[in-house]
Amino acid sequence: MYPLKMEIPMSYDPNVAGLKGVSETLLTTLYLRSLETKRQDGIIKDDHSVEIVKRINYNFAENNSQFSQAIIAIRTEIIDELVKNFINQNPDATIVNLGTGLCTRFFRVDNGSINWFCIDLPEVKLVWDNLINKSERLHYLSYSALDFNWIQNIKEIASDKTLIIAEGLLMYFSELEVKQLFNAIKNNFVKSEIIFDSLGIFLAQNSRLNSGKLNIDASYKWGIKNLKEIETWEEGIKLLDQWHYLDKHKNRLGLMGWLSYIPTIRRQVKIGHFQFNG
């Protein structure tokens, strides 16, 4: 089998007015990926996002921030590389993308044999169906990440190697909800792995998406000082590695590139890679 290319459905006039709160943030990340792709020195290359943005009637201009653009690009770059490495080691893997939004990662990492499941809310699927659409190995299940019915739909057909991705998602959950999610994954997908981004406690408590230019009703709920703390939540959760955004592409981060040498600031935005041993 060969990697799939994204084919825009014939009917592509998506109504994004139904996207509110956390769901609406997917438009911002999509737009910032498209802007980064247009740069000659761009950190990432995501031509699919450029094509999708052209087809959406939305005031993207309000969401343009050079720092945010660089941060989203760095996050995308790190997670893309981690997912590629996992697929290289497990070519028939099952990938589950929680809170998928309009993520186009499948098309950047597809090896022709992986099975990819997108999990997000019904209102997101209405947009997703008009802009991306499913295929033989790309599926969409309409559930909240916290509605564990998605697990029941996947666990019986998942391969021996399953990777969960939670990008731009867990900070909108309470710590209890994150713990419940991790417990459900650990108990249903043996030796699965998860890759996710997280915020430090200070940033989670003091940064709100409905401030500044972003008129979006969504706020952060969960932050964590040290990802090693997650290993103490229960047995069978192991931190494999972690990465800090501010260690990369400092020339694109402005003042934050200099402030990143302060450990407290450096730890505010990070990506963790964990393994679950049931």
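Residues numbered from 1 in each chain as written. Predicted model: local features only at pLDDT ≥ 70, side-chain atom pairs only at ≥ 80, totals over all residues. Heavy atoms only, no water.

Draft legend 1. Here's a closer look at unusual backbone geometry. At Lys191, a position not held by glycine, the phi torsion is positive, near 55°. If you trace the backbone, Lys191 turns up in the loop between α7 (175–188) and β5 (193–199). By relative accessible area, which is 49% here, Lys191 ends up partly exposed. Despite not being glycine, His249 shows a phi value in the positive range, around 50°. (Helix = DSSP H or I, 4+ residues; strand = E, 2+ residues; numbered from the N terminus. Buried < 20%, exposed > 50% of the residue type's maximum accessible area, 1.4 Å probe, protein only.)

Draft legend 2. Highlighting the sheet that holds strand β4 (residues 162–166). One open sheet accounts for seven strands, arranged β3-β2-β1-β4-β5-β7-β6; its pairing is mixed. Every other strand in the sheet has two partners, leaving β3 (138–142) and β6 (237–244) as the edge strands with one partner each. Taken over all neighbouring pairs, the strand axes of this sheet differ in orientation by 20° on average, direction set aside. Taken together, the seven bridges between β6 and strand β7 (residues 269–276) define a ladder with antiparallel strand orientation. Bridge pairing in β7 places His244 opposite Lys270. (Pairing = 2+ DSSP bridges. Axes fitted to C-alpha atoms, helices over the stretch in contact; angles between N-to-C directions.)

Draft legend 3. Seen up close, the packing of aromatic side chains. Across all of its chains, the model carries 13 aromatic pairs by this definition. Note on Phe106 and Phe107: the rings are 5.2 Å apart at their centroids and 85° apart in plane angle, and the pair reads as edge-to-face. As far as the burial class goes, Phe106 and Phe107 line up, both buried. Put simply, the rings of Phe182, Phe196, Trp222, Trp233, Phe274 and Phe276 touch in pairs and so form one group of aromatic residues. Here Lys250 stacks its cationic end above the ring of Tyr261, 4.4 Å away from the centre of that ring. (Phe/Tyr/Trp six-rings, centres within 6.5 Å; stacked < 30°, edge-to-face > 60°. Lys NZ or Arg CZ within 6 Å of the ring centre and 35° of its normal.)

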